[in-house]
Amino acid sequence: MKTSFTIYTLLLPLLFLLTSCDLEQEVEVKLPPYKSQLVVECYLEPDKSLRAVVLESVSYFNDPELPLVPDAEVFITHNGKTIKLPFSPIQNKETGKYYTHRKNEKLNLKPGDVVTLEVKDKKGRHVTGTTTIMNQVPIEAVEWKFNEKNKAYLLTSYQDDPDAENFYRYMVHRDSLSNSSQRDFVSSDRLTNGQRVSYGSGYDYEQGDTLVVSLFHIEQQYYDFLSSISDARSANGNPFAQPSRIVSSVKGGIGIFTNLSYNRKTVVIEK
Amino acid sequence: MRLPAFAVYFLCLFSLVASDVFAQSTYTISGYVRGTGGEDALIGATVSVPELSTGAVTDARGFYTLQLPEGSHTLQATYIGYESATRTIEVTDQNLTINFALLPANSQLREVVIEANSLQQKLNASQMSVETLTTREAKLLPALFGEVDLIKTLQLKPGVQSGGEGASGLYVRGGGPDQNLVLLDDAVVYNASHLFGFFSVFNPDAVESVELYKGGFPAQFGGRLSSVVDVKMREGNKERIGVTGGIGLIASRLTVDGPIVKDKSSFVLSGRRTYFDVFTRQINRIQEGKEDFNRIPDYYFYDLNGKANYKLGEKDELFLSGYFGRDFFGFNDADFQFRFDWGNKVGALRWQHKFNPRFQVNTTLSGSSYKYNVSNKIDVFSFNLSSDIRDLALKTDFSLILDKGHTLQFGAMATRHDFTIGRLNFDSDDDRISFGAGNDYKAMEAAAYVADDFQVSSQLSLNYGVRLSAFNSGGKTYSALEPRASARYSLSERTSLKASYASMMQYIHLVANSGASLPTDIWYPSNDYVKPQRSQQVAAGISHLLGGGRYLITNELYYKWMHRQIDFRDGANLFVNDNLEEEFLFGKGESYGKEVYLEKIKGRTTGWLGYTLSWSYRQFDDINDGRRFPTRYDRRHDVSLVVLHELSKRINLTGAFVYGTGNAYSLPVARFAFQDVHGKGATVVPVYSDRNSFRLAAFHRLDLGLVLKLKPKRGEADLTFNAYNAYNRRNPYFVYFEQVKDEDDNETLGFRAKQVSLFPVIPSVTYNFKF
């Protein structure tokens, strides 16, 4: 649960109320020379073909173009078998999603399997990562309740396993997964170990809404990575936040290599 | 535990001086210097014997002590802004008590001329690295929104920095804001700020003076590494009822004081409240129902100060002091009730007993608590988070004047701490959701000390002592010896050399990683895993009187080592965490620098010029890849110039200029595109590298003030005009990077840096009255 800085974002308008508006100005900041690192994003899913994104990190004020690394080679190893994902960039026009390396091959993944990733390029950069396939945690119930204004809140419940340290990612999409998520957060079972956990919401929903509710059972390395992304983003522009470095799950570069094990329910909100 | 060594030292010191106690060759003349009507104690008043070229200066209670031989002597009591008083006394065969009541020099407000300790007294004291500020000084200086704030005025002194524009946090000689021991009439205050630290909790009408120790700490103080902020509340008028107040831009103050039993007992009661909530509620009401209207949350703070004293007899006096303050922040909607409140409660009862004019004891029983509470209710869901610290403390301090130039201070204290850390409840009315978190801890802290102020010769004076401190929490006990020493050597009547050493321990730690004084900062005890912080500081300096004694220039060098410094892991969760100690990181720190201070305290033009050259670093194995990094407030150059000029009897002009090297700051050096599992296209993630490796632009600002004394039919009044940031400098508060997007197709065009400033020029006017 990250309640942390929401409190202060509520207080901030008050602060700026005290001041006039003309208090922001563009300034020149000289950044030190930056050596680009490989940035890898690769998620394994059962029964899905292998896809990865390999890009580079760039100095902040560089031009906004996608820094492709055509000479990067991507290898995935599972059960002693190594598969090479060739460089073959593709972007889905509708969703905007893109991949740089892909191979139309599916892995037979079972919980507990260990899969490794290796990325190399001609500059000698070398990124490695490991993921252990997670089991699903079933969503036991998705319920909702209307108030007198005909708005409903959503309650999603599941049972946490008391014998393991667990991490979750919870997402709610309206209508389709290709829309931006309406809710998205990560959580650990530190305060709720072994309990039946329920995630509530605000009165955000109306009759007829179609909601796709996903509960990802995630690895700690993925939890750490997502948390650090969120911390780093909120540090840019929040004078009270301590800057946060990205906690990558891969070594030798930046990025995440993990597997997606989720339980998903689609509900239509009805009275 | 090295108790035996301590005990031996204690005994030696006593046997050394015990024989002197009764071998009296001179007599002690002591007493109080007060304003007429027995009102406030006059701190820093001089009582001198001109024919013997000797004298003393009153302490924070207006008390002085002199050693005089037999014979007829003329005592002269002087205090700027008051008529001098002269008394001729016969010293025969006993100690005498001589009190002075001085008449104000004119019928105007007493805030006339700046006057702390006299410069000669400062030059001669063996104590170094101390700054004294009275409310009278602070009230003349320009202030943000016209709200006089003693803590913020202290930031104008060399070696003391603010946490950010307008903030009341103190960063003393490279130490953190968590390393200041803030005392209000001997009781600890845990969070001395309102609203992000923009205001300190000390209502100037209730405060007499503040002393800030930056180094060379006297042995009676301990428990924090970097400074002691000793705030003394003023006492009520013993003869008649008086009312003081002020109406300002954002807050008003009212103080009533007077006798309870004439000449025996008096009280002072002071209150202050802000009123932006009154305006914001109106704005909300007018804007209600308009589209795109965001309600402005409610915010206000108030505080109450009270002090009463009762003279039990010639030798005994009781003082009862209290403080209660609250900040309240609320945001309500039809199905949303957010409430956030925080504040301190402080109370102290001090019993002062004088065995004889040379030997007195002060015993104080005090309580202090700080609590914050955040609650939110969204229909059936309720969320509540709170933390607090509660203290109960007993301490006793003896002061014994011996012959042959020794003055002994010794005493002991014990504090019981109760902590509640991150108490969380999250429930729904139908009980479908219910979970809680939080921890309670108890701790005991104790200390004993002894120190001897020894006037070896007219050239040399020494102050040496030791403090033994101990702390117990969760079955773990720590103890330490904290030696303290300072020395002064006079090269001439106008020049003296000073040096000091102090070792300090800190057993409780502030859980905060924001760099600002936030209400949610909470204290945490040392335990098995979190060991106490320790610091050592050496300082050396030279003081010289210039211009026939009208100016004093002080030049001090210091070096401070800090061990077991605390920071937090990247992304640490400090709010709701039952295993908070896992977020702690331990490292070390060092700071060093030079402070030059030139002051003038008499005449129509007074003020000071301070310059600090300093460095402040921390090193943690798990931050910045183990490399040393500058603290956010590592400030290479810091200049402050304060000038007060009495234009006429009715008009005072003041100006304060500050310049500081920009704060060290972390900025992303790079970025990468992150697509995530679903969603549309990529978003930008910043990549941070070295901690605090950038510098914000330099900070500089000029504040101007004008105090115009009015001539009301009754009492006294003035109008204080202020211009904060007079030349409207856009000082950097923080810098961030933003994505520049095409307005039509939302395409990213590039990236740029934006600097945010907080306060433009802010004019204000305050009406002060007294009758």
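Reading guide: rules and limits
Sequence order sets the numbering: in each chain, residues are counted from 1 along the sequence as written. Think of it this way: whatever chain is written first is A, whatever ligand is written first is 1, and the rest follow in order. Owing to the predicted nature of the model, reporting of local features is limited to residues with pLDDT of at least 70; listing and counting of side-chain atom pairs is limited to 80 or more, with chain, interface and lining totals taken over all residues. Side-chain measures here rest on the full set of heavy atoms in the structure, leaving out hydrogens and waters. UniProt positions are given in the numbering used here, feature names are shortened, and annotations may be inferred rather than shown by experiment. Only runs of H or I of at least four residues qualify as helices and only runs of E of at least two qualify as strands under DSSP, and these elements are numbered from the N terminus. The quantity called the radius of gyration is restricted to C-alpha atoms. Its globule counterpart is 2.2 Å times the number of residues to the power 0.38. The contact criterion used throughout is that any non-hydrogen atoms of two residues lie within 4.5 Å. Using the Shrake-Rupley algorithm and a 1.4 Å probe, accessible areas are obtained, with residue cover drawn only from the displayed protein chains. Only four residue types enter the charge count: Lys and Arg as positive, Asp and Glu as negative, with His and the chain ends excluded. Taken as the charge location is NZ of Lys, CZ of Arg, CG of Asp or CD of Glu. Each pair of strands is called paired provided DSSP finds at least two bridges between the two strands. The set of buried Ala, Val, Leu, Ile, Met, Phe, Trp, Tyr and Cys residues whose side-chain atoms join them within 4.5 Å is what this entry labels a nonpolar core. A 1.4 Å probe rolled over the protein chains alone gives each residue an accessible area, and that area as a share of the maximum for its type sets the label: buried under 20%, exposed over 50%, partly exposed in between. Residues are said to line a cavity or pocket when one of their atoms sits within 4 Å of a point; the points come from a 1 Å grid over protein atoms alone, cavities being sets where a 1.4 Å probe fits but cannot get out and pockets being open sets with protein on both sides within 12 Å along at least five of seven lines. Grid points are joined across faces, edges and corners, and a volume is the space filled by probe spheres set on the points. Lys, Arg, Asp and Glu make up the charged group, whereas Ala, Val, Leu, Ile, Met, Phe, Trp, Tyr, Cys and Pro make up the nonpolar group; the residues left over, Gly among them, are polar. Throughout the structure description, domain borders are defined by an automatic or database domain assignment. Here a salt bridge means any side-chain nitrogen of Lys or Arg lying within 4 Å of a carboxyl oxygen belonging to Asp or Glu. Residues adjacent in sequence count toward polar contacts only when both atoms are side-chain atoms; beyond that, a polar contact is any pair of N or O atoms within 3.5 Å, and within protein one must be able to donate a hydrogen and the other to accept it. Expected span of a helix: the number of residues minus one, times 1.5 Å. This arc is taken over the directions from the axis of the helix to the C-beta atoms. Between 30 and 60 degrees the pair is tilted, below 30 it is stacked and above 60 it is edge-to-face, where a pair is any two Phe, Tyr or Trp rings, Trp via its six-membered ring, whose centres lie within 6.5 Å. The criterion for a charge sitting over a ring is simple: Lys NZ or Arg CZ within 6 Å of the ring centre, and within 35 degrees of the ring normal. To obtain an axis, a line is fitted to C-alpha atoms, over the contacting stretch when the element is a helix, and the angle between two such axes runs from 0 to 180 degrees between their N-to-C directions.

If you check an unreviewed UniProt entry, chain B appears there as TonB-dependent receptor-like protein from Pontibacter virosus. Heading Subcellular location (unreviewed entry) of the UniProt record for chain B holds this comment: "Cell outer membrane". If you open the UniProt record of chain B and go to Sequence similarities (unreviewed entry), you find "Belongs to the TonB-dependent receptor family."

Would you mind going over the overall build of chain B with me for this structure?
Counting its regular elements, chain B contains 5 helices and 48 strands. Taking 28 Å as the expected radius of gyration for a compact globule of 771 residues, we find that chain B reaches 27 Å, a close match to that expectation. A separation threshold of at least 6 residues defines the contact pool for chain B, and within that pool the share at least 24 residues apart is 63%. As displayed, chain B offers around 28800 Å² of accessible surface, 56% of which is attributable to carbon and sulfur atoms. Counting 84 positive and 85 negative side-chain charges, chain B places the averaged centre of each group 5 Å from the other.

What should I look at first to understand the sheet that holds strand β13 (residues 187–188) of chain B in this one?
The strands that make up a sheet are held in pairs by hydrogen bonds between backbone atoms, and each pair lies either parallel or antiparallel. Residue and element names in this part refer to chain B. Across the sheet, which stays open at both edges, the 5 strands sit in the order β9-β16-β17-β12-β13 with mixed pairing between neighbours. One side of each edge strand has no neighbouring strand; the edge strands of this open sheet are β9 (130–134) and β13. Examined bridge by bridge, strand β12 (residues 180–184) and β13 share 2 bridges and lie antiparallel to one another. Note that in β13 the partner of leucine 184 across the bridge is alanine 187.

In this structure, what is going on with the nonpolar core? I would like to understand it.
One recurring pattern in soluble globular proteins is that nonpolar side chains are buried together. One finds A:Val29, B:Phe672, B:Phe674 and B:Val735 to be the most contacted residues of the largest nonpolar core, which totals 120 residues. Excluding residues within four positions of it along the chain, B:Phe672 makes contact with A:Val39, A:Ser57, A:Ile229, A:Ile246, A:Ile254, B:Thr683, B:Val684, B:Val685 and B:Val687. Counting residues in each nonpolar core, the second largest holds 25 residues, with B:Ala138, B:Leu154, B:Leu170 and B:Ala187 among its members.

Just to check I follow, could you spell out empty space enclosed by the protein for this structure?
Empty space among the atoms becomes visible once a probe the size of a water molecule is rolled across them. Residue and element names in this part refer to chain B. If you walk through the whole model with that rule in mind, you get 13 cavities of 30 Å³ or more. Lining the second largest cavity we find 50 residues, and of these Gln155, Ser162, Gly164, Glu165 and Gly166 sit closest to its centre. Elements with a minimum of two residues in the lining of the second largest cavity: α4 (150–154), β10 (160–161), β38 (637–646), β39 (651–660), β40 (664–665) and β44 (699–710). For the lining of the second largest cavity, the element with the most residues is β39, which contributes 4 residues. Here the lining of the second largest cavity is composed, by residue class, of 28 nonpolar, 13 polar and 9 charged. Counting only domains with at least three residues in the lining of the second largest cavity, you end up with domain 2 (119–232) and domain 3 (233–770).

Would you take a moment to explain the domain arrangement of chain A for this structure?
Often, the extent of an interface is quoted as the loss of accessible area on bringing the components together. Under the domain assignment, chain A is made up of domain 1 (38–132) and domain 2 (136–218 + 262–268). Between the C-alpha centres of domain 1 of chain A and domain 2 of chain A there is a distance of 29 Å.

Can you help me understand the interface of chain B and chain A in this one?
Taken together, the contacts link 92 residues of chain B with 90 residues of chain A. If you look at where chain B meets chain A, you find 5 salt bridges. A salt bridge links B:Glu582 to A:Arg190; its shortest N-O distance comes to 2.6 Å. When strand β1 (residues 24–27) of chain A meets strand β47 (residues 748–756) of chain B, the two strands line up antiparallel, connected through 4 bridges. For A:Gln25, the partnering residue across the bridge sits in β47(B) and is B:Gln755.

What is the right way to look at the side chain of B:Gln161 in this model?
Along the chain, B:Gln161 falls in strand β10. When near neighbours in sequence (up to four residues on either side) are disregarded, B:Gln161 contacts B:Gln155, B:Gly169, B:Leu170, B:Tyr171, B:Ser614, B:Tyr633, B:Arg635 and B:Asp638.

Help me out: how do you make sense of the side chain of B:Asp327 in this one?
Residues and elements named next belong to chain B. With respect to the helices and strands, the residue aspartate 327 is situated in strand β22 (residues 316–333). As a buried residue without a salt bridge, aspartate 327 has its nearest oppositely charged side chain in arginine 326, at a separation of 7.4 Å. Of note is the side chain of aspartate 327, whose polar atom sits 2.5 Å from the side chain of histidine 194. Among residues more than four places away in sequence, those in contact with aspartate 327 are His194, Leu195, Tyr299, Tyr300, Phe301, Phe340, Asp341 and Trp342.

For this particular structure, what's the right way to read the pattern of salt bridges?
Side-chain pairs of opposite charge can arise whenever the charged atoms involved come near each other. This structure, assessed with the given rule, holds 51 salt bridges over all chains. Counted as one network, the salt bridges with shared partners bring together A:Glu24, A:Glu26, B:Glu738, B:Arg752 and B:Lys754.

Is there a simple way to explain unusual backbone geometry in this structure?
Glycine aside, residues mostly have negative phi, and peptide bonds are mostly found in the trans state. One non-glycine residue, A:Asp47, lies in positive phi territory at about 60 degrees. Turning to its location among the elements, A:Asp47 is positioned in the loop between β2 (38–44) and β3 (50–56). Backbone geometry at B:Asp185 places phi at a positive 45 degrees, although glycine is not the residue there. Inspection of the secondary structure assignment puts B:Asp185 in the loop between β12 and β13. With relative accessibility at 7%, the residue B:Asp185 sits in the buried group.

Any chance you could explain helix α5 (residues 276–287) of chain B here in plain terms?
The periodicity of an α-helix, 3.6 residues per turn, causes residues three or four places apart in sequence to face the same way. Residue and element names in this part refer to chain B. With 12 residues, α5 should reach 16 Å at 1.5 Å per residue; the first-to-last C-alpha distance of 16 Å fits that figure. Of the residues making up α5, those classed as buried are Phe276, Asp277, Thr280 and Asn284. Down the axis, α5 shows its buried residues gathered within 90 degrees of arc, on one side only. Exposed positions of α5 whose direction lies more than 90 degrees from the buried face are Arg285 and Ile286.

Can you walk me through the packing of aromatic side chains in this structure?
Here a ring pair, both rings aromatic, is described through the centre-centre distance and the interplanar angle of the planes. All names here are of chain B. Considering all chains together, one arrives at 48 aromatic pairs over all chains under this definition. Judged by centre distance (4.5 Å) and plane angle (25 degrees), the ring pair of phenylalanine 355 and phenylalanine 359 falls under stacked. Both rings, one in tyrosine 441 and one in tyrosine 524, keep their centres 5.5 Å apart while their planes meet at 70 degrees; by these two values the pair is edge-to-face. Taken together, the positions of tyrosine 441 in strand β27 (residues 434–455) and tyrosine 524 in strand β32 (residues 522–525) put the pair 83 residues apart, joining distant regions of the chain. An aromatic cluster is built from Tyr441, Tyr524, Tyr529, Phe568, Phe584 and Phe586, whose rings are joined through pairwise contacts. Residue placement shows arginine 273 over the ring face of tyrosine 300; its charged tip is 4.1 Å from the ring centre. Cation over ring: arginine 628 sits above tyrosine 617, and NZ or CZ is 3.6 Å from the ring centre.

What exactly am I supposed to notice about the sheet that holds strand β18 (residues 262–268) of chain A here?
Residue and element names in this part refer to chain A. Strand order in the open sheet made by the 4 strands is β14-β13-β16-β18, with antiparallel pairing throughout. Of all strands in the sheet, those bounded by a partner on one side alone are β14 (181–188) and β18. Neighbour-to-neighbour, the strand axes of the sheet open up by a mean angle of 15 degrees, direction not taken into account. For strand β13 (residues 167–174) and strand β16 (residues 210–218), the ladder comprises 8 bridges, and the chain directions are antiparallel. What sits directly across from phenylalanine 167, in β16, is isoleucine 218. On top of the sheet, helix α2 (residues 220–235) reaches β13, β14 and β16; it is set at about 120 degrees to β14, its chief contact.

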